[in-house]
Amino acid sequence: MHELGVVFYILDSVKKIAIENKAKGIRMVILEIGDVSGIIPYYLEDCWQWAIKKDEMTKDAELKIETIKAVSYCSDCKKEFDTIKNGKTCPVCKGGNTYLLTGNEVNIKEIEVF
Ligand SMILES: [Zn+2]
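So, how was this worked out
- Residues numbered from 1 in each chain as written.
- Predicted model: local features only at pLDDT ≥ 70, side-chain atom pairs only at ≥ 80, totals over all residues.
- Heavy atoms only, no water.
- Helix = DSSP H or I, 4+ residues; strand = E, 2+ residues; numbered from the N terminus.
- Buried < 20%, exposed > 50% of the residue type's maximum accessible area, 1.4 Å probe, protein only.
- Contact = heavy atoms within 4.5 Å.
- Donors = N, O, S within 2.8 Å, 3.2 Å for Na, K, Ca; no water.
- Tetrahedral: all angles 85-135°; square planar, octahedral: opposite > 155°, others 65-115°.

Student: Which residues make up the environment of E80, and what values do they have?
Tutor: Following the sequence through the fold, E80 ends up in strand β4 (residues 80-82). You can call E80 exposed: its relative accessible area is 57%. Residues E80 and I33, 47 residues apart in the sequence, show an inter-C-alpha distance of 20 Å. Aside from chain neighbours lying at most four places away, what touches E80 is V71, S72, Y73 and L101.

Written out as structure tokens, the structure is:
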């Protein structure tokens, strides 16, 4: 499962930050997840609850997820549009010369240690 790998990666990163800051553990992590990142927040939460218990530092860490809307850009008519609704096709000129601006993120936005 892709989500479990992401959770382990995040826990490793926040643990490193906590250790660098001489903290005892992690209280909360805020993640930014893009709408088309392929991460399903529900599964991520599930994996989180399972994975945090494996380590003393993370066992009570709360997870908060903020989603980032997927937005694409059309190189032909210079318009931004909703990726979820339109996919790779520009709704204005119907062209396919488009790329994703936001929505693919998996970022650690904030962490709280104690
Ligand atoms: Zn267009």
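Student: Give a description of the coordination of the zinc ion that names residues and reports values.
Tutor: Coordination of the zinc ion by the protein involves C74 (SG), C77 (SG), C90 (SG) and C93 (SG), with metal-donor separations of 2.3 Å. Coordination at the zinc ion is tetrahedral: its four donor atoms span angles of 105 to 120° at the metal. Sequence positions of the donors to the zinc ion reduce to the motif C-x2-C-x12-C-x2-C. Remark: C93 occurs in the loop between α3 (83-86) and β5 (98-102) and C77 occurs in the loop between β3 (71-74) and β4; sequence separation between them is 16 residues. A residue is classified by how much of its surface remains accessible, and C93, at 36% relative accessible area, is partly exposed.

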